[in-house]
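Reading the structure
So you can see what is in the structure, the chains are spelled out below.
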Amino acid sequence: MDDTRIFEIAREAGSTVIPMRWSGGRFSLLDQRLLPAEEKWNFYENAEQVAEAIRDMVVRGAPAIGITAAFGMVLAAREAGSLSGREFLSRWDQQAANMIDARPTAVNLKWAVDRLSRVAAVAVQTGSSGREVAEILEEEAMAIWEEDIRGNLEMGRLGAGLLPKEGGVLTHCNAGALATGGYGTALGVIRAAVSSGRNLEIYADETRPWFQGSRLTAWELIKDGMDVTLIVDNAAGLMMKLGKVNAVVVGSDRIAANGDVANKIGTYQVAVLARRHNIPFIVAAPVSTIDPDMPSGDAISIEERQGDEIVSVAGTRIAAQGVKTVNMVFDVTPAELVTAIVTEREVLRPPYGPSIQKLFS
Ligand code: MRU
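Below you will find a few notes about this structure.

What counts as what
Residues numbered from 1 in each chain as written. Predicted model: local features only at pLDDT ≥ 70, side-chain atom pairs only at ≥ 80, totals over all residues. Heavy atoms only, no water. Helix = DSSP H or I, 4+ residues; strand = E, 2+ residues; numbered from the N terminus. Expected span 1.5 Å × (residues − 1). Buried < 20%, exposed > 50% of the residue type's maximum accessible area, 1.4 Å probe, protein only. Contact = heavy atoms within 4.5 Å. Near = heavy atom within 4 Å. Polar contact = N/O pair within 3.5 Å; in protein donor to acceptor, adjacent residues only side chain to side chain. Areas by Shrake-Rupley, 256 points an atom, 1.4 Å probe, with all protein chains shown as cover. Nonpolar A, V, L, I, M, F, W, Y, C, P; charged D, E, K, R; others polar. Domains from an automatic or database assignment.

This part is about helix H8 (residues 212-223). Look at H8: 15 Å from first C-alpha to last across 12 residues, which is about the 16 Å you get at 1.5 Å a residue. Most of H8 sits out of view: nine of its 12 residues are buried. Of all the positions in H8, only Gln212, Gly213, Arg215, Leu216, Thr217, Ala218, Trp219, Glu220 and Leu221 are classed as buried. Of the surrounding elements, those touching the buried residues of H8 are strand S2 (26-30), strand S4 (166-171), helix H7 (186-195), strand S5 (199-205), strand S6 (229-231) and strand S9 (261-264). Gly225 sits one or two residues past H8 and shows a positive phi near 75 degrees.

Below is the structure:
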């Protein structure tokens, strides 16, 4: 079993970038820390290494993290293959907890690990051998990946019509092929709109401090032959005021049961600006990003990373020595600022509480 079919689906949709590989029983990741300067693939032997790669942001973006964690758990099952049922499950639980701990905000990570845990438990209980459990989990991880990319295409199909026939569309962070199984959520909607003939100028916020916009969104769109214009984060308001941005599309790391949306830091201020200028603010995310157990965004855990991400750029110190920093890397946009949430099943509209409840019932 390998990733041939995923690559075929992506290529057919016009997307050439896929951030992970499963081939010959080996898992590898495109090192996103080095893009766009270098395209380097790292190989992983075990679940601890995969968890470390997620923590260090070799791979990032909620759905891509979920798929990666699933393959990390396949490696964990292979390693524990010779253990007895009970020992296998106890080792599995340790590895699963370590994987989920790698990053706190994106719910897809826990969602994917929990899905594999349920499958592992059933396989062990029904007497499958260690090798068989690993094979069953490999199929499940592959299914998560394929569902993700097909879901992205569906989001594109459902969301494209929400964008203007002609005009500017702004995206924040990278919610593209690099952040998913290979097509994109927010960028998937934009890709589909462009393919269906909409004449869009795509604007990418640079997205400090990790520069997902300038380093990743710009790279993958240009690689696929699309036009993209980079702006600094604090230009978004002016671009809206000048009439150059007519819609915003972003991804999400976790959507609460009331429709509050956690996404990359800076998303909230873009949403406030969009409301000020009467511009639709659209979120594209798979159902696996919705956390029905999280009543509102207030309880979402916001990851805080090292301050050196802010005081240095590409290894060069840019801030005064001795300055203090706060580096919270996600924020929560209240549901009231969200025009629509595009999922692979349907486009949700406010009030989100009832529509999300219906989706999970
Ligand atoms: O810190 P990152 O790069 O993992 O943050 C990613 C984002 O905030 C994305 O917008 C989000 O995960 C949606 S990706 C389809």
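We are not done yet, so read on.
This part covers unusual backbone geometry. Between Arg208 and the following residue, Pro209, the backbone shows a cis peptide bond with an omega angle of 0 degrees. Mapped onto the elements, Pro209 comes out in the loop between S5 and H8. The phi dihedral of Met57 falls on the positive side, at around 65 degrees, and the residue is not glycine. Mapped onto the elements of the fold, Met57 is located in the loop between helix H2 (47-55) and helix H3 (62-79). A relative accessible area of 2% means that Met57 is categorised as buried. The phi angle at Cys173 is positive, at roughly 65 degrees, despite the residue not being glycine. You can see Cys173 is positioned in the loop between S4 and H7.

Turning our eyes to something else, we now look at the site of the ligand. The full set close to the ligand counts 19 residues, and Arg60, Arg103, Asp253, Asn263 and Lys264 are the nearest of them. Interatomic distance of 2.8 Å between a side-chain N/O atom of Gln212 and an oxygen atom of the ligand. In the complex, 99% of the free accessible area of the ligand, which totals 410 Å², lies under the protein chains. Contributing elements (two or more residues each) for the shell around the ligand: H3 and S9. Residues of the shell around the ligand, tallied by class, amount to seven nonpolar, eight polar and four charged. Residues lining the shell around the ligand come from more than one domain, with at least three contributed by each of domain 1 (4-154) and domain 2 (158-360).

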